[in-house]
Amino acid sequence: EADIYQTPRYLVIGTGKKITLECSQTMGHDKMYWYQQDPGMELHLIHYSYGVNSTEKGDLSSESTVSRIRTEHFPLTLESARPSHTSQYLCASSTSGGAYEQYFGPGTRLTVT
Amino acid sequence: AQSVTQLGSHVSVSEGALVLLRCNYSSSVPPYLFWYVQYPNQGLQLLLKYTSAATLVKGINGFEAEFKKSETSFHLTKPSAHMSDAAEYFCAVESGGSNYKLTFGKGTLLTVNP
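Reading the values: rules and limits
Residues numbered from 1 in each chain as written. Chains lettered and ligands numbered in written order. Predicted model: local features only at pLDDT ≥ 70, side-chain atom pairs only at ≥ 80, totals over all residues. Heavy atoms only, no water. Helix = DSSP H or I, 4+ residues; strand = E, 2+ residues; numbered from the N terminus. Buried < 20%, exposed > 50% of the residue type's maximum accessible area, 1.4 Å probe, protein only. Polar contact = N/O pair within 3.5 Å; in protein donor to acceptor, adjacent residues only side chain to side chain. Contact = heavy atoms within 4.5 Å. pLDDT = per-residue confidence, 0-100. Buried area = accessible area lost by both parts, 1.4 Å probe. Salt bridge = Lys/Arg side-chain N within 4 Å of Asp/Glu carboxyl O. Core = buried A, V, L, I, M, F, W, Y, C linked by side-chain atoms within 4.5 Å.

Asker: Looking at this structure, how should I read the side chain of Q25 of chain A?
Answerer: Residue and element names in this part refer to chain A. Looking at the secondary structure, you find Q25 in strand β3 (residues 19-25). By relative accessible area, which is 2% here, Q25 ends up buried. At a separation of 3.3 Å, a polar atom in the side chain of Q25 contacts the main-chain carbonyl oxygen of T71. In contact with Q25, other than residues within four places in its own chain, are D3, I4, M32, R68, T71, E72 and S93.

In structure tokens:
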């Protein structure tokens, strides 16, 4: 069973605040991903990582940044939150072998007021 | 470039009726295909995957999907809908060369009526 965790699950924060969304996985997966999903909408890839010290921007431009200092940890940071950042953020991981299926965390629902 | 089209953003069925969710893909190479389910306020859960073995793939919760290369389709079915099947369903494709990235469809919301 996949074990991937995201905290916080829900966050309401004021404009201009710096926030970090945490994502950790215990499966030793080398690849990790961040998606942004508006309610009832499709997923948009905003960041991904192929391993430690490797990060790339995804298909959807995002003002957020990510880091990958440890295999199991892939945090996402917003330096100055804005209402346009209100969304659900989903973290996922996958291995290099097999069919590359991704395993998802429960998500963080962010509301910026 | 690969893409996924899910026909019907919303499908409504009665409990006990057949569930059919449609997915068509485009890919220049043989793909890996996936169906995920998302319940409210949760992440995505893998239902099933096609990896070029059997064309009929069985997944969890009684769902199955059939890969049809000639139709570039990977439709999801379940013979008898249950109330607990109400959720959002996403089809996704990975077709080599994409650097391990999945391309997702826009999703289909399944409603099950009593």
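We are not done yet, so read on.
Asker: Just checking my understanding: could you explain the confidence of the model for chain B for this structure?
Answerer: Low pLDDT means the predicted atomic positions in that stretch should not be read closely. On average, residues of chain B carry a pLDDT of 91, and 96% of them reach 70 or more. The least confident element of chain B, judged by mean pLDDT, is strand β11 (residues 103-104) of chain B at 90; the most confident is strand β3 (residues 19-21) of chain B at 98.

Asker: Just checking my understanding: could you explain the interface of chain A and chain B for this structure?
Answerer: Many structure descriptions define interface size as the accessible area lost when the parts assemble. Listed by partner, the interface residues are 25 residues for chain A and 20 residues for chain B. Counting the surface lost from both chain A and chain B, the interface buries some 1900 Å², and carbon and sulfur atoms represent 57% of this. As a salt-bridge pair, D59 of chain A and K101 of chain B come within 3.7 Å of each other at their nearest N and O atoms. At the boundary of chain A with chain B, the tally comes to five residue pairs in polar contact (both at pLDDT 80 or more). Those elements that provide at least two residues to the side of chain A that touches chain B are β4 (31-37), β5 (43-51) and β9 (87-94) of chain A.

Asker: What should I look at first to understand the nonpolar core in this one?
Answerer: What tends to happen in soluble globular proteins is that the nonpolar side chains get buried as a cluster. Judged by nonpolar contacts, the single largest core of 26 residues is most densely connected at W35, L48, F74, L76 and Y89 of chain B. Of all the elements in the fold, those that place two or more residues in this core are β2 (10-14), β3, β5 (32-38), β6 (44-50), β8 (64-68), β9 (73-78), β10 (87-94) and β12 (108-113) of chain B. Broken down by element, the residue count for this core peaks at four residues, all from β10 of chain B. Setting aside residues up to four positions removed in sequence, L48 of chain B forms contacts with L33, F34, W35, V57, K58, G59, F63, E64, A65, F74 and L76 of chain B. Judged by nonpolar contacts, the second largest core, of 17 residues, contains I19, W34, L78 and Y89 of chain A.

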